[in-house]
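Single-letter residue listing:
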Amino acid sequence: MEISSWRHAFKLDPAKTISDESLERVCESGTDGIIIGGTDDITLEGVLDLLMRVRRFTVPVALEISSMDAISPGFDYYFIPTVLNSSSTKWMKDLHVSAIKEFGHMIQWHEMIMEGYCILNPSCKAAIATEADTSLTEEEVIAHAVLAEKVFRLPVFYMEYSGMYGDPVLVNKVKRNLDTTQLFYGGGIDGPDKAAEMAAIADTIIVGNSIYDQFEEALKTVAAVKNSHATY
Ligand code: 1GP
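Residues numbered from 1 in each chain as written. Predicted model: local features only at pLDDT ≥ 70, side-chain atom pairs only at ≥ 80, totals over all residues. Heavy atoms only, no water.

- The name given to the protein chain in an unreviewed UniProt entry is Heptaprenylglyceryl phosphate synthase, with the source organism recorded as Paenisporosarcina cavernae.
- Looking at the protein chain in UniProt, the text filed under Cofactor (unreviewed entry) is "Mg(2+)".
- Recorded under Sequence similarities (unreviewed entry), the UniProt text for the protein chain is reproduced unchanged: "Belongs to the GGGP/HepGP synthase family. Group I subfamily." (UniProt positions renumbered as here; feature names shortened; annotations may be inferred.)

**Some remarks on the UniProt feature "binding site: sn-glycerol 1-phosphate" (unreviewed entry) in the protein chain**
Step number 1: Mapped onto this numbering, the UniProt entry annotates "binding site: sn-glycerol 1-phosphate" (unreviewed entry) at Lys11, Tyr158, Met159, Glu160, Tyr161, Ser162, Gly163, Gly188, Gly208 and Asn209.
Step number 2: Among the secondary structure elements, Tyr161 is positioned in the loop between strand S6 (156-160) and helix H6 (168-176).
Step number 3: Beyond its immediate stretch of four places on either side in the chain, Tyr161 contacts Leu120, Asn121, Gly166, Asp167, Leu170, Tyr185, Gly186 and Gly187. (Helix = DSSP H or I, 4+ residues; strand = E, 2+ residues; numbered from the N terminus. Contact = heavy atoms within 4.5 Å.)

**Some details on the sheet that holds strand S3 (residues 61-64)**
Step number 1: Around the barrel, which closes on itself, the 8 strands sit in the order S1-S2-S3-S4-S5-S6-S7-S8 with parallel pairing between neighbours. Across this sheet, the average inter-strand angle for adjacent strands is 30°, counted without regard to direction.
Step number 2: The pairing of strand S1 (residues 8-12) with strand S8 (residues 204-207) spans 3 bridges and is classified as parallel. Bridged to Phe10 within S8 is Val207.
Step number 3: Helix H3 (residues 89-103) rests against strand S4 (77-83) and strand S5 (112-119) of the sheet, and its axis sits at about 130° to S4. (Pairing = 2+ DSSP bridges. Axes fitted to C-alpha atoms, helices over the stretch in contact; angles between N-to-C directions.)

**A look at the site of the ligand**
Step number 1: Surrounding the ligand, one finds Lys11, Tyr158, Glu160, Ser162, Gly163, Gly186, Gly187, Gly188, Ile206, Val207, Gly208 and Asn209.
Step number 2: A distance of 2.7 Å separates an oxygen atom of the ligand from a polar side-chain atom of Lys11.
Step number 3: A distance of 2.9 Å separates an oxygen atom of the ligand from a polar backbone atom of Gly208.
Step number 4: If you list the elements that add at least two residues to the shell around the ligand, you get S6 and S8.
Step number 5: In terms of residue class, the shell around the ligand is made up of 3 nonpolar, 7 polar and 2 charged. (Near = heavy atom within 4 Å. Polar contact = N/O pair within 3.5 Å; in protein donor to acceptor, adjacent residues only side chain to side chain. Nonpolar A, V, L, I, M, F, W, Y, C, P; charged D, E, K, R; others polar.)

**Notes on the environment of Thr130**
Step number 1: Here Thr130 is to be found in the loop between helix H4 (125-129) and helix H5 (138-151).
Step number 2: Along the backbone, Thr130 and Leu48 are 82 residues apart, and their C-alpha atoms lie at a distance of 25 Å.
Step number 3: Every residue in contact with Thr130, bar those within four places of it in the chain, is listed here: Val83, Ser86, Ser87, Trp91 and Ile119.

**What about the nonpolar core?**
Step number 1: Core analysis: the biggest nonpolar cluster contains 58 residues, and Ile34, Val54, Phe157, Met159 and Val174 have the highest contact counts within it.
Step number 2: Per-element tally for this core: the top contributor is helix H9 (residues 215-226), with 6 residues.
Step number 3: Membership of the second largest hydrophobic core comes to 19 residues, among which are Ile35, Ile113, Ile119 and Ile206. (Core = buried A, V, L, I, M, F, W, Y, C linked by side-chain atoms within 4.5 Å. Buried < 20%, exposed > 50% of the residue type's maximum accessible area, 1.4 Å probe, protein only.)

Structure representation (structure tokens):
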């Protein structure tokens, strides 16, 4: 299944622990894809271990690259974040330039999906690490989405509220301003109700922390998305 058809994905953190039984239930849940990614303590060993364990199942698996030291072949896709509201060019394009210098000759570009990130929870680790300007007005968030689509022509715009549930009204306004770029929403989805609410607005929802904090509720988000209907 192409990424553009994904409605639901689970994001697994290679620095966190998940049992084989839980991992099997996540992979066999009916989710459209597994994203392996995180911010802290990402090691190649951790990434490879999780990749091998997820590969026992048929679900597509993507690596969201956050560290140059933890890149490995063997994934179906590679998600490359560029943090559009970072105050530092490092997270927007400098790391990417370094990576292309080092690995450009072996990159399979058709496997790369660029994600224009807009990080909106000021206290999440990614916001702090990337020095994101999370004090954007609604108008500015929308302008970032338009920048992603019309200026940079990115395939994905990612509204990242990691650890906090975002504002569905703002997500809806952003969605209405996007024609072709796929809207990812992630943050604070801890059960079926929030999953259904955001899935009715965004193209794709990403469920992360609740896999580790509220496992049974996290699993219910898959069915909630399948049963939800776009309202935009
Ligand atoms: C994190 O957007 C994802 O990158 C999901 O957020 O962990 O809050 O579910 P949560």
